[in-house]
Amino acid sequence: MLVAGIAYIIGFALFWVSFLASEHRVLIESLVGNHWPSIMVDFSVARAPLFASGLVCLGIGYLLLLRWAFHKNVTSSRIRQARLFVAFLLFLFLILPPFLSTDVISYYQQGWVAAYQKVNPYLNSPGDFTNPPEKDLLYKGYNLYALTPYGPLWTALEGGIYRMSNGSLSLGIIFFKIFAAVASLILIFTAAKITRILSPKHELVVMIFLGAHPLLLVEGPGMAHLDVMALTMVALGIWLQMHFRGKTWIGALFLMIAVLLKAYAIPALFLFFWWLARNSKPIKSRFWSIIQAMIPIVVLFVVTSIPYITGLSDIPRLFGLTVMGSTIPITPVFVLEKILSPAFKLIGFSFSENIIGNLAQGFAIFLAVALILYFILHVRTLEALSGTLGPVYMIVNMAFSYWRPWYALWPLALIAISPHRKWGIVIATYGWLALCTYLVTQSSGISLFYK
C-alpha cells in the first residue's frame, strides 16, 4: 500500500505540473490573484506527456492497490485501513484545480443566471447577459451560450451555491468540489455496504475498486462533476431499498432525486420499475408497490420543476432532451460510420454523411436495446437489479459513444455495487481509457491537438 500511495502522489504531482503547463493555468491566477507568481516558464509542449505520465502512475498505483485488496482477508482493521487510504486520496484530489473540464465554472454561471439574474436558466444562457462571471476562463466560450442541460434540483443547488459564495467564483468552486468529495465518499461507502449484503468477501475489493480508481478521483473531487452526486443518490436508493424492502417509495425517492440532478439516471429508475413489475409478489401487491413508488416521483417533480415550467414545451428541457450529446473519434459508432461509407460506395450506393451517421447510430441503438433486454429479462429480484445496472450503463455509453469521462463514471460506480469480475475488469479499463480522452479533447487545455 505504501508503494501504491507513492505512485498516486507522483501521478497527482504530474497532473499539477501538466495543469501549470496547460492553457488553463490562468485559472489559478484568477482564483488566487496576485498571490500566484506571475513569471512562469512556458513548457506547454510537455503538458500532454506530463498528463499521460500521471495517468500511467495512477494506473500502476491502482493495480497495486487491487492486488493488495484481493490478497487480504476482509477484517475490520483492513476495512478501516482501506477507508483511511481512500479518504486520503479524495482529499489529495480535492486540491487539484478543475482544469481538464471547466463544467464547474458553467455550474457557477448557471447558478448566477438563476440566483442573481433571477431568470429561467432553461430559457436563458449565461452568454445572454453582459459580463457573466469569469467568461474568459471558458475555452473559446465553451458552454457560455448553452442552456442548462441538468435537472431542476441541480439547478436549484447551483443557485444556492452561488448565494453561499456571495459572488466569489473561487469560493463557489471550493463549495462544488467539497460537495463532490463528500458525495464520492458516501458513494464509495454505500457501494461497500451493498456489497456486504450481497457478497461480504468482496467488500474490501469494492472499496478499493471504486474509491481508488483514477476516474472517480479526477471526476469527483478533482473536476467536481455532478454525476458523482447523482450516482450517490442511486446507490443510497438501492441500499435503503434493501433494508426496507416493503417500502418501495424509499428506492423511488432517491432514484428520482438522482434523475432531478441529471437525467442520465433515468435508465436506473426504469430498471427499478421493471423489477417492481416482475418480482415474485402477487399481481395486486406489485400494483400497489408501483403506486406507492409513483407518489414521491410525482411530488418531487412538481415541487422542483414548477419554478422552471411556463408551458408543456419546457418539460423536455428539464431532462436535457433538447441538448444533443457529441461523439469523439475511436468510438464504436464513429468507427462504424467510417466502415459504412466506403462499403456503400463499393456496392454502388452513395449516401450523405448524415444518412450514414443515422444508420450507424440506429444500428448501435438497436444492438444496445437487444443486449439490454437480454440482461434485464432475468431481473426479478433487487439483487439481480443491482447486478444489471453496471453492464446496462456500459452498453448505453457504447451505443451513444459516451466516452466522456463523467459518463464513464456511471458503469464504474454501478458495477461496484454488485461485483462481477469480468465486467469489473472491462469497466475499470474503460474508465481509465476515458481519462485518456482528455489528451485529444481540445477544451482540456492539455490536448495533443490544442490550437
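**Section: the state of the cysteines**
1) Next: Counted by the stated rule, this structure contains zero disulfides.
2) Next: There is no disulfide at Cys57, and the cysteine sulfur nearest it, in Cys436, is 13 Å away.

**Quick notes on the pattern of salt bridges**
1) Next: Counted under the stated rule, the structure contains four salt bridges.
2) Next: Lys262 is paired through a salt bridge with Asp227; the nearest N and O atoms lie 2.9 Å apart. Of this pair, Lys262 sits in the loop between α11 (248-261) and α12 (266-278) while Asp227 sits in helix α10 (residues 227-243), placing them 35 residues apart in sequence. Each of the two residues, Lys262 as well as Asp227, counts as buried.
3) Next: Where Arg245 meets Glu383, a salt bridge forms, and the shortest distance between an N and an O atom there is 2.5 Å. Residue Arg245 is found in the loop between α10 and α11, and its partner Glu383 is found in helix α16 (residues 382-399); the two are separated by 138 residues along the sequence.
4) Next: Of the residues examined, Arg245 reaches a relative accessible area of 38% and is grouped as partly exposed.
5) Next: A relative accessible area of 29% places Glu383 in the partly exposed class.

**As for the environment of Trp432**
1) Next: Topologically, Trp432 is positioned in helix α18 (residues 421-436).
2) Next: Judged by relative accessible area, which is 26%, Trp432 ranks as partly exposed.
3) Next: Residues Trp432 and Ser53, 379 residues apart in the sequence, show an inter-C-alpha distance of 13 Å.
4) Next: Among all residues touching Trp432, those that are not within four sequence positions of it are Leu55, Val56, Gly59, His213 and Pro214.

**Focus on the side chain of Thr304**
1) Next: Mapped onto the elements, Thr304 comes out in helix α13 (residues 283-305).
2) Next: Only 2.8 Å separates the side chain of Thr304 from the backbone oxygen of Leu300, close enough to count as a polar contact.

**Let's talk about a nonpolar patch on the surface**
1) Next: Taken together, the side chains of Phe287, Trp288, Ile291, Ile295, Val299 and Val303 make up a nonpolar region of the molecular surface, amounting to roughly 610 Å² of accessible area.
2) Next: Inspection of the secondary structure puts Ile295 in helix α13.

Thresholds, definitions, all that
- Residues numbered from 1 in each chain as written.
- Predicted model: local features only at pLDDT ≥ 70, side-chain atom pairs only at ≥ 80, totals over all residues.
- Heavy atoms only, no water.
- Disulfide = S-S within 2.5 Å.
- Salt bridge = Lys/Arg side-chain N within 4 Å of Asp/Glu carboxyl O.
- Helix = DSSP H or I, 4+ residues; strand = E, 2+ residues; numbered from the N terminus.
- Buried < 20%, exposed > 50% of the residue type's maximum accessible area, 1.4 Å probe, protein only.
- Contact = heavy atoms within 4.5 Å.
- Polar contact = N/O pair within 3.5 Å; in protein donor to acceptor, adjacent residues only side chain to side chain.
- Patch = residues over 30% accessible without salt bridge, like charges linked within 9 Å, V, L, I, M, F, W, Y side chains within 5 Å.
- Areas by Shrake-Rupley, 256 points an atom, 1.4 Å probe, with all protein chains shown as cover.

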